Amino acid sequence: MAVSAVPHTAISAPGDALAPAMPAEADLRLVADLIPHIVWVASAHGAIEYVNRRATDYNGEAPGECTDAGWDWQAWIHPADLPGVRGSWADAITGSTAVELDCRLRRADGEFRWHRLHGVPVRDDAGRVVRWVGTCTDIEDQKALEEQLWRAQRDTAASLTLLEALQSAAPVGFGFADRDLRFVRVNETLVEINSRSMADHLGQPMAGIVPAAVWPSVEAACRQVLDTGVAVPRLDASLASATGQIHSWLASYYPVRVAGDIVGVGFVVVDVTEHRQAQEFRSVVMDNMAEGLYTTDERGRVTSMNRAAVRILGWPEEELLGRPMHDTVHFRRADGSPYPAAECPLGRVRADGEVVQVSDEVYVRQDGSLVGVSYSAAPLHVGDAVAGVVVVFRDISELRQRQQQEIEARHDQKLESLGRLSAGLAHEINTPIQFVGDNTRFLAEAYQQMLELLLVYRDILGPAGGQLSWQERKDRAAEAEDKADIEYLAAEVPVAVEQSLEGTERVASLVRAMKAFSYKDSKDHAYADINEAIRTTATVARNEVKYVADLALELGEVPEILCHVGDLNQVFLNLLVNAADALQDRGERGQIRVTTRMEDASVVITFGDNGSGIPADIQKTIFEPFFTTKGVGKGTGQGLALARAVCEKHGGTIEVWSEPGQGTEFTLRLPVAGKRATPS
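Residues numbered from 1 in each chain as written. Predicted model: local features only at pLDDT ≥ 70, side-chain atom pairs only at ≥ 80, totals over all residues. Heavy atoms only, no water.

Colleague: What am I meant to see in the overall build of the protein here?
Modeller: From N to C terminus, the protein includes 21 helices and 22 strands. When burial is assessed residue by residue, the protein has 44% of its 680 residues classed as buried. For the protein, long-range pairs separated by at least 24 residues make up 57% of all intrachain contacts whose partners lie at least 6 apart in sequence. If you sum the accessible surface of the protein, you get close to 34,800 Å²; carbon and sulfur atoms cover 52% of it. (Helix = DSSP H or I, 4+ residues; strand = E, 2+ residues; numbered from the N terminus. Buried < 20%, exposed > 50% of the residue type's maximum accessible area, 1.4 Å probe, protein only. Contact = heavy atoms within 4.5 Å. Areas by Shrake-Rupley, 256 points an atom, 1.4 Å probe, with all protein chains shown as cover.)

If you want it as C-alpha cells, here you go:
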C-alpha cells in the first residue's frame, strides 16, 4: 500500500514548554531512506527537490542527478503511460489536489515495473501549497496477481460455459449426487428422461425421483461406488410408459473424487430404446426367417447363425461358431467330389466384395448327409474393407423333388433381395452404433473430467478456499486444467455429440424403414401411400445405391391406392437394385430418378437411370422369367418377371424405354381403385 506524506500542521514556538523536539533533517532523511517505497518531494510548481535512496537505487542515478534543475523525471515513465501521468500531474498542480495513479517506472536494468504514485500537497498556515510530498510503491506483483485472477475467472467462466454446453447438447443424461444420494447437478436430458422438472431434482433424494421399479438396482450401484470407489458400468433398466411402450436405458455410475476423497456419484444415462428395438428387430428377422442365415469373418469362420441355419444344417450353434464354414459344411459338391476352397464363391465375396447368388449346391450336415441349398452371399463392409460375409440360404431338397421351377425361381428372387438387404442392414446399423458407443464412452469420460475440474474450481473459489494463497489456488487450478485437458475437450466434445446425434437418427430412421418395408400385411389389398412405400424402399436400398449413384425422389401429390403394398415394395426394390447394377461399370457416379404423378385414374411411377441402357433387340425379352444380362452368380432373372406379374395382378402395366449409352426408364401405371373389373 502506498505511503503518503503527513498533511501540514502548525509547529509550536520554541519557547513553548509543551512543544515536542523537532527531528533533525538528517534524521528525517534517514527515516525516508528506510521506508520501503520511493519517496519524493517536489516544489509547488512540480520541480523535484528530493528523492530518497530507494529511488536512486531503483533508477541507478546518483542522488544529486535526480534533483538537478535539468533532470527529466519524465524519462523515468513508460512511454505508453506518460500522457496520462502528465495530465494527472498538471491537474493536481492546477487544482492543488492530491493525485493517485498507476504507471510503469523504468528500473536501472531497463525493465519497467508497475508502481502506484501517490502525491499530496503540503500547505502553510495560510493554506498555500508550498511543496508536494509523495511516494511510488512497487505493485508489479499485485498487478500480476490481478492478471492471474482475471485469467482464472475468465478460464473458469469458459470452463463452466463448456460444461453447461456439454450438458445441454449431449444426447445422454448426466448427473451428480452427493454421498447422501441427493441430486446436486443434472442436465436437461436427464430431466426429460425422469419426466420431472429441474427444480424437482436439485437437492432432492434420488429415491423420490428414480422409478420405484429400478431404484433398488440404482441404489445398490451407487452404494457400491461410494463404498469401493469402483465404477459400475452398463446397468440396464427397462420400463413401460403410460402408453405401454417399453423404454430402455443404459446407465453407468462413477466415483467423483476431490483431493482423493469420494464426494459423490456421477452417472451417465443413455436412452437405448431405438438401439434395443433395432437389435430385437434384427433378432426377430434372423430367428423367424424360413431361410438359414449365417455370417463369417474375413477368414471365413462362422460368427453367427439363425435358428433356421441350425435346423437345416443340424449343427448346434455353439459347435459351429469359430469353425471355417467351407472346411466344415461346404467342402463337397452334389456328386460327392471335393469342393476346393479356391473355387468357393464365398472366397470371391471376401476378396472382391461382390454379391454372389448360387442356385444349386450342397451343404454337409453334422451327420454327414447332404442337403441341397440355394444361397446368396454379400460382403459385410466396415468402411472400405470387407470384414466378413452374410449368407442367406435355403433347403431346396423338396423343390428339387417336386421340380417346381417357377416357385423355386421366385424364391431365388426373394433370396437375392434378402441377401443384399441383410448385408446392407448389418452395415447401416452396426457402423453408427459403433461410433455412437465409442462417442458415448468418450463423453462419459469427458464429463467426469469436467466435473472434477468444476469441483476443484468450486473448492478454491468458494468460502473454504479463502484460506489458500493466490499462488496455491493458481497451482491447484493449473494442475486440474492440465489433468482435464480443456482445449482437447473443447475441440472433440462437440464433434462427438454431433456424430452421436447423427448416428442415433440414422439407426432410428433405418429401423422405421425396415419395419415398414418388412411388415407382413394380409393377403387382401388395402389402400396405401405409394409415396411413403417408395421412400421406405429407398431407405432400405440405400446401401446398394449410395456407392454408385445419387438418388432423386420427385414424388408428386398422389392419392392412396388399393394395393398389396408388400408386393409393390419388392417391385420397387428390384427396380432400384437393377438401376444401381446398371451404373456400377459406368466409370463415374450416376443418377437414379424416381417420380410419381397422377394420370387419369392411375398413379404413374417411373424409375430412370443414366446407365448403359438396354439394347433394342432384347428389350422385348427382359420381362421373361430367367432372362438376365448380369454375370453368372449376380442375378436370377426373376426381378422384372416378378415386377410385371405384380403390376398385372394390380390391374396395371409396366413399360420400358431405353437407349444404349443414354439410360433406361421403367414406367408403372397402377389404378387408384385397384384391379380393373374383367369385362363380362
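Moving on from the coordinates now.
Colleague: Sorry if this is basic, but what is going on with the sheet that holds strand β19 (residues 590-599) here?
Modeller: Two orientations exist for strands paired in a sheet by backbone hydrogen bonds: parallel and antiparallel. Ordered by their spatial adjacency, five strands build an open sheet running β17-β19-β20-β22-β21, and the pairing between neighbours is mixed. A strand with exactly one partner marks an edge of an open sheet, and here the two such strands are β17 (549-555) and β21 (653-659). This sheet shows a mean twist of 15° between the axes of neighbouring strands, independent of strand direction. In this structure, β21 lies alongside strand β22 (residues 663-671), joined through seven bridges in antiparallel fashion. Across the sheet, Trp 657 pairs through a bridge with Glu 665, a residue of β22. Sheet strands in contact with helix α18 (residues 530-540) are β17, β19 and β20 (602-609), and its direction is about 170° off that of β17. (Pairing = 2+ DSSP bridges. Axes fitted to C-alpha atoms, helices over the stretch in contact; angles between N-to-C directions.)

Colleague: Honestly, helix α21 (residues 639-649) in this entry has me stumped. Any pointers?
Modeller: Each α-helix winds once per 3.6 residues, and so residues spaced three or four apart point in a common direction. Every buried residue of α21 is listed here: Gly 639, Leu 640, Ala 641, Leu 642, Ala 643, Val 646 and Cys 647. Gly 651 occupies a position one or two residues after α21 and carries a positive phi of about 75°.

Colleague: Could you clarify how one ought to interpret the packing of aromatic side chains in this entry?
Modeller: Any two aromatic rings considered together are summarised by their centre-to-centre distance and by the angle between their planes. Taken as a whole, this structure holds 10 aromatic pairs when the rule is applied. Between the aromatic rings of Phe 183 and Phe 267, the centroid separation amounts to 6.0 Å while the plane-to-plane angle is 80°, which identifies the pairing as edge-to-face. Taken together, the residues Phe 183 in strand β7 (residues 183-186) and Phe 267 in strand β10 (residues 261-271) connect sequence positions 84 residues apart. Judged on exposure class, the residue Phe 183 and its partner Phe 267 are both buried. Every member of this aromatic cluster is reached through a ring pair, and the members are Tyr 294, Tyr 363, Tyr 375 and Phe 393. We note Lys 143 situated over the ring of Trp 114; from NZ or CZ to the ring centre the distance is 4.6 Å. (Phe/Tyr/Trp six-rings, centres within 6.5 Å; stacked < 30°, edge-to-face > 60°. Lys NZ or Arg CZ within 6 Å of the ring centre and 35° of its normal.)

Colleague: Which parts of the structure should I look at to understand the packing of α18 against helix α20 (residues 565-583)?
Modeller: Relative orientation and spacing of two packed helices are given, respectively, by the angle between their axes and the distance between those axes. Close contact between α18 and α20 brings their axes to 9 Å; oriented N to C, the two are set at 50°. Judged on the interaxial angle alone, α20 and α18 are oblique. By crossing handedness, the relation of α18 to α20 is classed as right-handed. Counting all contacts with α18, which are made through Ile 530, Ala 533, Ile 534, Thr 537 and Ala 538, the residues of α20 involved are Val 565, Leu 568, Asn 569, Phe 572, Leu 573 and Leu 576. Along the lines of polarity and charge, the residues of the contact of α18 with α20 split into nine nonpolar, two polar and no charged. (Parallel < 35°, antiparallel > 145°, perpendicular 65-115°, else oblique. Left-handed = near helix turned anticlockwise from the far one by under 90°. Nonpolar A, V, L, I, M, F, W, Y, C, P; charged D, E, K, R; others polar.)

Colleague: Even after reading the chapter, I still don't get the pairing of strand β1 (residues 38-43), so can you show me in this structure?
Modeller: Within a regular strand, side chains alternate between the sheet's two faces. With six of six residues buried, β1 is to be regarded as a mostly interior element. The two faces of β1 match: Ile 38, Trp 40 and Ala 42 on one face and Val 39, Val 41 and Ser 43 on the other face are all buried. Bridge count between β1 and strand β5 (residues 129-138): six bridges; the pairing is antiparallel. Looking at β5, one finds that Val 41 is bridged to Val 133. In this antiparallel pair of consecutive strands, β1 and strand β2 (residues 48-51), the connection spans four residues, and Gly 46 shows a positive phi of 100°.

Colleague: Could you clarify how one ought to interpret a negative patch on the surface in this entry?
Modeller: A cluster of acidic residues, Glu 472, Asp 475, Glu 479, Asp 482, Asp 485 and Glu 487, forms a negative patch at the surface. Per-element tally for the negative patch: the top contributor is helix α16 (residues 470-484), with four residues. Tracing the chain through its elements places Glu 487 in helix α17 (residues 486-518). (Patch = residues over 30% accessible without salt bridge, like charges linked within 9 Å, V, L, I, M, F, W, Y side chains within 5 Å. Salt bridge = Lys/Arg side-chain N within 4 Å of Asp/Glu carboxyl O. Lys, Arg positive; Asp, Glu negative; His and termini not counted. Charge placed at Lys NZ, Arg CZ, Asp CG, Glu CD.)

Colleague: Before we go on, may I ask you to explain the nonpolar core in this structure?
Modeller: The nonpolar side chains of a soluble globular protein tend to be buried with one another. Of all hydrophobic cores here, the largest spans 40 residues; its most connected members are Phe 572, Ile 605 and Leu 668. Going through the elements one at a time, α18, β18 (561-563), α20, β19, β20, α21 and β22 are the ones with two or more residues in this core. The leading source of residues in this core is α20, at 10 residues. Those residues in contact with Leu 668 that sit more than four places away from it in its chain are Val 571, Phe 572, Leu 575, Val 603, Val 604, Ile 605, Phe 607, Cys 647, Thr 653 and Ile 654. In terms of nonpolar packing, the next biggest core, distinct from the first, is built from 25 residues, Ala 177, Val 210, Val 232 and Ile 262 among them. (Core = buried A, V, L, I, M, F, W, Y, C linked by side-chain atoms within 4.5 Å.)

Colleague: Even after reading the chapter, I still don't get the packing of α20 against α21, so can you show me in this structure?
Modeller: The geometry of α20 relative to α21 is characterised by a closest axis approach of 9 Å and an angle of 145° between their N-to-C directions. In the packing of α20 onto α21, the handedness of the crossing is left-handed. Where α20 abuts α21, its residues Asp 567, Leu 568, Gln 570, Val 571, Asn 574, Leu 575 and Asn 578 lie against Gly 639, Leu 640, Leu 642, Ala 643, Val 646 and Lys 649. Residues of the contact of α20 with α21, tallied by class, amount to seven nonpolar, four polar and two charged.

Colleague: Can you walk me through the pairing of β2 in this structure?
Modeller: In the sheet, β1 pairs with β2 via three bridges, with the strands oriented antiparallel. In the sheet register, Ala 42 faces β2, and the bridge partner there is Ile 48.

Colleague: Explain the side chain of Glu 361 here, please?
Modeller: As for its position among the elements, Glu 361 is in strand β13 (residues 356-364). Only 2.7 Å separates the side chain of Glu 361 from the side chain of Tyr 339, close enough to count as a polar contact. Polar side-chain contacts of Glu 361 include one of 3.5 Å to the side chain of Tyr 375. (Polar contact = N/O pair within 3.5 Å; in protein donor to acceptor, adjacent residues only side chain to side chain.)

Colleague: Sorry if this is basic, but what is going on with the sheet that holds β2 here?
Modeller: If you trace the five strands from one edge of the open sheet to the other, you get β2-β1-β5-β4-β3, paired in antiparallel fashion. Among the strands making up the open sheet, the edge pair consists of β2 and β3 (99-106). With strand direction ignored, the average angle separating the axes of adjacent strands in the sheet is 25°. In terms of strand pairing, β3 meets strand β4 (residues 112-123) through eight bridges, oriented antiparallel. Paired with Arg 104 across the bridge in β4 is Trp 114. In this fold helix α4 (residues 82-95) packs onto β1, β3 and β5, with an angle of close to 145° to the strand it touches most, β3.

Colleague: Please clarify how α18 should be interpreted in this entry.
Modeller: Burial within α18 is extensive, with eight of its 11 residues counted as buried. Taken together, the buried positions of α18 are Ile 530, Asn 531, Ala 533, Ile 534, Thr 536, Thr 537, Ala 538 and Val 540. Between the side-chain oxygen at the start of α18 and the backbone nitrogen of Asn 531 there is a gap of 3.0 Å, and the oxygen is on Asp 529.

Colleague: Teacher, can you tell me more about the pattern of salt bridges here?
Modeller: As a working rule, side chains carrying opposite charge can pair if their charged atoms are close by. Under the criterion given, the structure shown has 21 salt bridges. The partner of Glu 147 in a salt bridge is Arg 151, with the nearest N and O atoms 2.9 Å apart. In this pair, Glu 147 and Arg 151 both sit in helix α5 (residues 140-169), four residues apart, roughly one turn of the helix. With relative accessibility at 34%, the residue Glu 147 sits in the partly exposed group. A salt bridge links Arg 535 to Glu 532; its shortest N-O distance comes to 3.4 Å. Of this pair, Arg 535 and Glu 532 are both found in helix α18, three residues apart, which corresponds to roughly one turn of the helix. Judged by relative accessible area, which is 37%, Arg 535 ranks as partly exposed. A relative accessible area of 39% places Glu 532 in the partly exposed class. A single network of salt bridges, built from pairs that share partners, joins Arg 107, Asp 109, Glu 111, Arg 113 and Asp 138.

Taken by themselves, the reported measurements are silent on function.
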